[in-house]
Amino acid sequence: MKILIHPTYFPNIAHFSAITQAEHLVWEMEDNFVKQTYRNRTYIYGANGKLLLNIPVVYSQKNRQNYKDVKVFNGEKWQLQHWKSLESAYRTSPFFEFYEDELKPLFFQDIDFLLDFNLKCFEVVCDCLQIQIPTSKTIAFEKNINNKADFRGLVNAKNETPQSFESYTQVFGNKHGFISNLSILDLLFNEGPNALNYLESQTISAI
């Protein structure tokens, strides 16, 4: 199955389940940027529960802007903040140290464009999962899709459709219970090499 999906910031379980079960992945490159989506945010499991990691961007709603042209706002040390949040949340997880050296450089490099950074994060996670997925990119925006499954709706963070995913052990699970559909990093740090088996066994539908 060929799927169409948005590049997002460390995609959540729904995104990665769809991706790992696809035969070919097509990135949507020609849409407009929209606020309050997973394009520039992800959620992890912190000591106090669900924690938002948000990438600040240079963006004005007055003028529509193509997603691929949106720049990251580097006036504040958001990368350092995100890395410290990940360390605080997952340092005691079974596999944090196993993947740390691959992921840490992402938070200590210069970043200009949001979409380019998201694609780089995706590549690194695929290396961690030891998977290779054939990919291509759109060259024009199409509202209605006929020759592939349309998973672009998964990008919506504000009005997302609840997913029924199997539970797995999380660092603070005994404190707040299982939190579903977090960033792929939550699954990776807690399940390690078993993360791929988990993703391939979940049921996800196009929205």
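Since the model is a prediction, treat every value here as computed from it, not as a measurement.

Visitor: Could you give an account of the pairing of strand β2 (residues 24–27), naming the residues involved and the relevant values?
Guide: Judged from the four bridges that link them, strand β1 (residues 2–5) and β2 form a sheet pairing that is parallel. Considered in β2, the bridge of isoleucine 3 is made with leucine 25. Of the pairings in the sheet, the one linking β2 to strand β7 (residues 135–137) comprises three bridges and is parallel in character. Each residue of the ladder has a partner; that of valine 26, found in β7, is serine 136.

Visitor: Tell me what's going on with the environment of glutamate 191, and back it up with residues and numbers.
Guide: Mapped onto the secondary structure, glutamate 191 falls in helix α6 (residues 184–191). When the C-alpha atoms of glutamate 191 and serine 93 are compared, they prove to be 8.9 Å apart, with 98 residues separating the residues in sequence. Those residues in contact with glutamate 191 that sit more than four places away from it in its chain are Phe95, Tyr168 and Thr169. A distance of 3.0 Å separates polar atoms of two side chains, one belonging to glutamate 191 and the other to asparagine 194.

Visitor: Describe in detail the side chain of threonine 37, supporting the description with residues and values.
Guide: Locating threonine 37 in the fold gives a position in the loop between β2 and β3 (41–46). Exposure remark for threonine 37: the relative accessible area of 2% places this residue in the buried category. For threonine 37, the side chain forms a polar contact with the main-chain oxygen of valine 34, separated by 3.1 Å. When near neighbours in sequence (up to four residues on either side) are disregarded, threonine 37 contacts Val155, Asn156 and Ala157.

Visitor: If you had to explain the sheet that holds strand β8 (residues 149–150) to someone new, which residues and values would you point to?
Guide: By way of backbone hydrogen bonds, the strands of a sheet pair with one another, either parallel or antiparallel. The strand order β7-β2-β1-β8 describes an open sheet built from four strands, whose pairing is parallel. Lying at the two open borders of the sheet, with one neighbouring strand each, are β7 and β8. Here β1 pairs with β8 via two bridges, running parallel. When the bridges of β8 are listed, leucine 4 appears paired with aspartate 150.

Calculation criteria
Residues numbered from 1 in each chain as written. Predicted model: local features only at pLDDT ≥ 70, side-chain atom pairs only at ≥ 80, totals over all residues. Heavy atoms only, no water. Pairing = 2+ DSSP bridges. Helix = DSSP H or I, 4+ residues; strand = E, 2+ residues; numbered from the N terminus. Contact = heavy atoms within 4.5 Å. Polar contact = N/O pair within 3.5 Å; in protein donor to acceptor, adjacent residues only side chain to side chain. Buried < 20%, exposed > 50% of the residue type's maximum accessible area, 1.4 Å probe, protein only.

Purely geometric numbers; function is a separate question.
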